Amino acid sequence: KGQGKNGYTAFQPHMHTANLDRLSVENDLRKAVKEGNQFELHFQPQIDADLGKVVGLEALIRWNHPRAGMISPDVFIPIAEETGLIIAISDWVLREACAQLAHLKQHGFGEIRLGVNLSPREFDRVDLLERIRIPLDEFRIAPESLEIEITESLLMKDVENIVARVKRLRSTGVHISIDDFGTRYSSLNYLRRFSVNRIKIDQSFVRDLRTPHDSFAIIQAIVGIARNFNLHVIVEGVETEQQVAILKQLGCNEMQGYFFSRPLPSAKLMDFLKLANRS
Ligand code: C2E
Ligand code: CA
Ligand code: CA
Ligand code: CA
């Protein structure tokens, strides 16, 4: 992404006050977490391209900084992870996500699942299940409606430990998907041991989908493996009609990307769903 050494420089054009340094971002983030009204959760539709309907959503956080404007999660999530603020942020995200699921159910979209991103570090916490269960209970959400997205890199750390944790999380009924799949060269052998539900093929493969060579073969292989392991597959970063056509040919029918929709604020999401899923 052409980022500087701390992933920061690439974002400067969006920061209106020029010299927000790392320390002030940290302080401002602390303040934002305390006050709670600078964050917004947006929702990106996930489409079943055969049905032409929205079958899932991914929750993506937005930070509207009072002076600097929108700051990308790619910038502030790493800082939140280092400072431990990620815990409070994720609790906020999970609660907003469950509130949104309740809202969807009220409007007749109860079948739509919602993916939430969790950072690898949060998997080490003993209170993870509890933190997920609290908002599910509060909004009376079936755990199956919630899909926790974990990155592939997590699975490569401490396999025995992570296998057990993933299992425990799955036993609550919550679904799990592996995000950014294909980027980390994880052993496919492990995949069998993790009782996950879905893999999300990383958008870098879709970007190169021009000729039936490079990424084409990789996606085809991933789809084949997923089928053998009984996993669902979704492809991220779908931007063109041509990509849609190729992906369909490869047997991938679930897709997420700008071609269908950008991440939407709650109000716009409802309009989108009413149009897309009207039967
Ligand atoms: P991710 O989980 O891989 O999310 C997908 C990113 O790709 C999102 O960026 C999304 O807006 C973007 N995207 C979707 N469709 C397309 C497309 O067609 N083309 C292109 N070029 N991009 C597309 P976003 O929202 O900026 O989020 C960046 C990353 O920040 C996420 O990557 C995720 O790792 C992290 N993140 C976002 N929200 C949260 C959160 O609530 N908690 C945690 N822990 N991390 C989050
Ligand atoms: Ca994700
Ligand atoms: Ca991803
Ligand atoms: Ca990512």
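Up top you'll find the structure we're talking about.
What counts and how
- Residues numbered from 1 in each chain as written.
- Chains lettered and ligands numbered in written order.
- Predicted model: local features only at pLDDT ≥ 70, side-chain atom pairs only at ≥ 80, totals over all residues.
- Heavy atoms only, no water.
- Salt bridge = Lys/Arg side-chain N within 4 Å of Asp/Glu carboxyl O.
- Helix = DSSP H or I, 4+ residues; strand = E, 2+ residues; numbered from the N terminus.
- Donors = N, O, S within 2.8 Å, 3.2 Å for Na, K, Ca; no water.
- Buried < 20%, exposed > 50% of the residue type's maximum accessible area, 1.4 Å probe, protein only.
- Arc of directions from axis to C-beta.
- Contact = heavy atoms within 4.5 Å.
- Near = heavy atom within 4 Å.
- Polar contact = N/O pair within 3.5 Å; in protein donor to acceptor, adjacent residues only side chain to side chain.
- Areas by Shrake-Rupley, 256 points an atom, 1.4 Å probe, with all protein chains shown as cover.

J.: Can you walk me through the pattern of salt bridges in this structure?
T.: For side chains of opposite charge, pairing can occur when their charged atoms come near one another. Counted under the stated rule, the structure contains 18 salt bridges. The residue Glu149 makes a salt bridge to Lys200 at a minimum N-O spacing of 2.8 Å. Of this pair, Glu149 sits in strand β5 (residues 146-151) while Lys200 is found in strand β7 (residues 198-201), placing the two residues 51 residues apart along the sequence. Taken together, the shared-partner salt bridges connect Arg22, Glu26, Arg30 and Glu82 into one network.

J.: Even after reading the chapter, I still don't get the coordination of the calcium ion (ligand 3), so can you show me in this structure?
T.: For a metal with four tetrahedral donors the ideal donor-metal-donor angle is 109.5 degrees, while six octahedral donors give ideal angles of 90 or 180 degrees. Taken together, Asp179 (OD), Asp180 (OD), Glu236 (OE) and Glu236 (OE) make up the protein donors of the calcium ion (ligand 3), found 2.2 to 2.8 Å from the metal. For Glu236, a relative accessible area of 8% gives the class buried.

J.: What's the story with the coordination of the calcium ion (ligand 2) in this structure? I'm lost.
T.: The calcium ion (ligand 2) binds to the protein through Glu58 (OE), Asn117 (OD1), Glu149 (OE) and Asp179 (OD); the donor distances cover 2.2 to 2.3 Å. The sequence pattern describing where the donors of the calcium ion (ligand 2) fall on their chain is E-x58-N-x31-E-x29-D. Taken as a pair, the calcium ion (ligand 2) and the calcium ion (ligand 3) lie 4.0 Å from each other and share Asp179 as a ligand. Taken together, the residues Asn117 in strand β4 (residues 113-117) and Asp179 in strand β6 (residues 175-181) connect sequence positions 62 residues apart.

J.: Quick question: what am I supposed to make of helix α4 (residues 128-138) here?
T.: What sets the pattern is the α-helix's 3.6 residues per turn: residues three or four places apart point alike. Those residues of α4 not exposed but buried are Leu128, Arg131, Ile132, Pro135 and Leu136. Taken end-on, α4 shows its buried residues confined to a sector of 130 degrees, consistent with a single buried face. Turning to α4, the residues buried within the fold contact α3 (86-106), β5 and α5 (159-171). Arg140 sits one or two residues past α4 and shows a positive phi near 50 degrees.

J.: Is there a simple way to explain the site of ligand 1 in this structure?
T.: Taken together, 22 residues sit near ligand 1, with Gln44, Arg62, Asp179, Glu239 and Tyr258 positioned nearest. Side-chain polar atom of Gln44 to a nitrogen atom of ligand 1: 3.0 Å apart, as the coordinates give it. Here an oxygen atom of ligand 1 sits 2.8 Å away from a polar atom, N or O, in the side chain of Arg62. For ligand 1, the accessible surface in isolation is 800 Å², of which the surrounding protein chains cover 84%. Sorting the residues of the shell around ligand 1 by element identifies β2 (53-65), α2 (73-83), α3 and β6 as the ones contributing at least two each. Here the element with the most residues in the shell around ligand 1 is β2; it accounts for four residues.

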